[in-house]
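Structural overview for review
Here's the letter readout for the chains.
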Amino acid sequence: MDAGDRFGDYVIIKNLAAGGMAVVYLARKMGMGGFTKPVAMKVILPQFATNRDFIEMFLNEARLAVHLTHSNIAQILDLGEINGQYFISMEFCHGADLQQISRKTRKSGKLLPLPYAAKILSQSCEGMYYAHTKVDDNNVPLGIVHRDISPHNILLTFDGVAKVIDFGIAKAKVTAKEEDDGVLKGKFSYMSPEQIRGMPIDPRSDVFALGIVLWEICTGASLYREKSELLTMEAILRKPVPKPRELRGDMPPDLEA
């Protein structure tokens, strides 16, 4: 879709990002009396619209995230299907993700100030703690695990608020069916050892990934990104973690710990 195209009650403004299976647009929700609202809209690519497994995973993202109302989690606003194309509309978080921020700081030869790094990750942790401890209307824990925490999925708005996005492969007791043994989902360089081994995982796997993100944005280096996925997985299982102060001398002992 191009800028100006109509998609149901939405008007496309521009393309924000494109992945292998979906496109994210900046769009405007049109309503009565001239009401409009900017949203981020994730639309499944047409060639995947008939893949029932992928559609179910896509719908699970909305079913999970609709339960989550927290200032540090991007809010799901709508879920639908128009002319065979499934979409989720989400709160538009005007800003940049940590991957973009880290890339720019590295190119400039600078490091993210430590108070900023700590604040961004503390807010991300608040959002994930909320998700991890969320219960349903009967006070039964939902058992949500994101499973894909990475710099790409943490947005920092220009208002200074960190928001976790993309619960597309999250696992919850109430929605997820059992997966085939040996299937790995997520970004390899941010997986926990248990996730790599195909073991049952819980919220600690997300905490492990958040720790990697904090280490990387503080040091400006990659912790587990190797030349291949296999080497990356072996590094997570066996490689000792370098002390942050070896790469950044102004790291306070408490933050390093």
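Here's what I pulled together on the structure shown here. Owing to the predicted nature of the structure, the values given are computational and were not obtained by experimental measurement. (Residues numbered from 1 in each chain as written. Predicted model: local features only at pLDDT ≥ 70, side-chain atom pairs only at ≥ 80, totals over all residues. Heavy atoms only, no water.)

Observations concerning the overall build of the protein chain
Where we set the bar: Helix and strand definitions here come from DSSP, where helices need a minimum of 4 consecutive H or I residues and strands a minimum of 2 consecutive E residues; each element is numbered from the N-terminal end. A radius of gyration in this sense is built from C-alpha atoms; the matching globule rule multiplies 2.2 Å by the number of residues raised to 0.38. Between buried and exposed lies partly exposed: a residue is buried under 20% and exposed over 50% of the maximum accessible area for its type, with that area taken using a 1.4 Å probe on protein chains only. In what follows, residue pairs with any heavy atoms lying within 4.5 Å of each other are defined as contacts. In this description, accessible areas are obtained by the Shrake-Rupley approach with a 1.4 Å probe, and a residue is regarded as covered only by the protein chains that are shown. In this tally Asp and Glu are treated as negative and Lys and Arg as positive; neither His nor the chain ends contributes. All charge positions are set by atom: Lys at NZ, Arg at CZ, Asp at CG, Glu at CD.
Helix and strand content of the protein chain: seven helices and nine strands. For 257 residues, the compact-globule formula gives about 18 Å, and the C-alpha radius of gyration of the protein chain, at 19 Å, lands near that figure. For the protein chain, the C-alpha atoms occupy an extent of roughly 60 × 40 × 40 Å along the three principal directions. In the protein chain, which comprises 257 residues, the share counted as buried stands at 43%. Considering only residue pairs separated by 6 or more positions, the protein chain has 56% of its internal contacts joining residues 24 or more positions apart. A total of about 13800 Å² of accessible surface is found on the protein chain, and carbon and sulfur atoms cover 54% of it. When the 31 basic and 31 acidic side-chain charges of the protein chain are each reduced to a single mean position, those positions are 5 Å apart.

Things to note about the environment of Gln 85
Residue placement: Gln 85 occurs in strand S6 (residues 85-91). Taking C-alpha positions, Gln 85 is 20 Å from Pro 38, a pair spaced 47 residues apart along the chain.

Details of the nonpolar core
For the record, the criterion: In this description, a nonpolar core means a group of buried Ala, Val, Leu, Ile, Met, Phe, Trp, Tyr and Cys residues linked to one another through side-chain atoms lying within 4.5 Å.
Of all hydrophobic cores here, the largest spans 39 residues; its most connected members are Leu 98, Phe 167 and Val 213. Where this core is concerned, the elements lending two or more residues are helix H2 (98-107), helix H3 (114-132), strand S9 (162-164), helix H5 (203-219) and helix H6 (229-238). Among the nonpolar cores identified, the runner-up in size contains 26 residues, and Phe 7, Ile 44, Phe 87 and Met 90 belong to it.

Some remarks on the packing of aromatic side chains
Going by this rule: A pair of Phe, Tyr and Trp rings is counted when the ring centres sit within 6.5 Å of each other, with Trp represented by its six-membered ring. The angle between the planes then sorts it: under 30 degrees is stacked, over 60 is edge-to-face, the rest tilted.
The tally for this structure, following the rule as stated, stands at two aromatic pairs. Residues Phe 7 and Phe 87 carry aromatic rings whose centres are separated by 5.5 Å and whose planes lie at 80° to one another, so their mutual orientation is edge-to-face. Separated by 80 residues along the polypeptide, Phe 7 in strand S1 (residues 6-7) and Phe 87 in strand S6 bring together distant segments of the chain. Considered together, Phe 7 and Phe 87 belong to a single accessibility category, that of buried residues. Ring geometry for Tyr 10 versus Phe 87: centroids 5.7 Å apart, planes at 70°, classification edge-to-face. On the criterion of sequence distance, the pair formed by Tyr 10 in strand S2 (residues 10-18) and Phe 87 in strand S6 is long-range, its members being 77 residues apart. Both residues of the pair, Tyr 10 and Phe 87, belong to the buried class. By the ring-pair criterion, three or more aromatic residues cluster together here, those being Phe 7, Tyr 10 and Phe 87.

Some thoughts on the pairing of S6
Formally: Should DSSP find at least two bridges between two strands, the strands are taken to pair.
Burial runs high along S6: five of the seven residues are buried. Of the pairings in the sheet, the one linking strand S5 (residues 76-82) to S6 comprises six bridges and is antiparallel in character. Paired with Asp 78 across the strands is Ser 89, a residue of S6. From the end of S5 to the start of S6, which pair antiparallel, there are two residues, and Asn 83 there has a positive phi angle of about 50°.

Brief notes about the sheet that holds S9
Our working definition: Here, axes are lines fitted to C-alpha atoms. For helices the fit covers the stretch in contact, and angles between N-to-C directions go from 0 to 180 degrees.
Read across the sheet, three strands follow the order S7-S8-S9 without closing on themselves; strand pairing throughout is antiparallel. With partners counted over all chains shown, the strands left at the sheet margins are strand S7 (95-97) and S9, one partner each. Looking at each pair of strands side by side, their axes are set apart by 25° on average, direction ignored. Pairing analysis gives three bridges linking strand S8 (residues 154-157) to S9, with the strands arranged antiparallel. Each residue of the ladder has a partner; that of Ile 154, found in S9, is Val 164. This element, H3, spans S8 and S9 of the sheet and lies at about 40° to S9.

Digging into empty space enclosed by the protein
Keep this limit in mind: Definitions used for this entry: grid spacing 1 Å over protein atoms alone; cavity, a set of points where a 1.4 Å probe fits but cannot get out; pocket, an open set with protein on both sides within 12 Å along at least 5 of 7 lines; lining residue, one with an atom within 4 Å of a point. Grid points are joined across faces, edges and corners, and a volume is the space filled by probe spheres set on the points.
In total, this model carries two cavities of 30 Å³ or more according to the counting rule given. When its volume is computed, the largest cavity comes out at roughly 60 Å³. For the lining of the largest cavity, the elements supplying multiple residues, two or more each, are H2 and H5. The leading source of residues in the lining of the largest cavity is H2, at five residues.

Section: the pairing of S8
Relative to S8, S7 runs antiparallel, the two sharing three bridges. Bridge assignment links Gly 95 to a residue of S8, and that residue is Thr 157. Where S8 hands over to S9, the hairpin turn is made up of four residues, of which Gly 160 adopts a positive phi near 85°.

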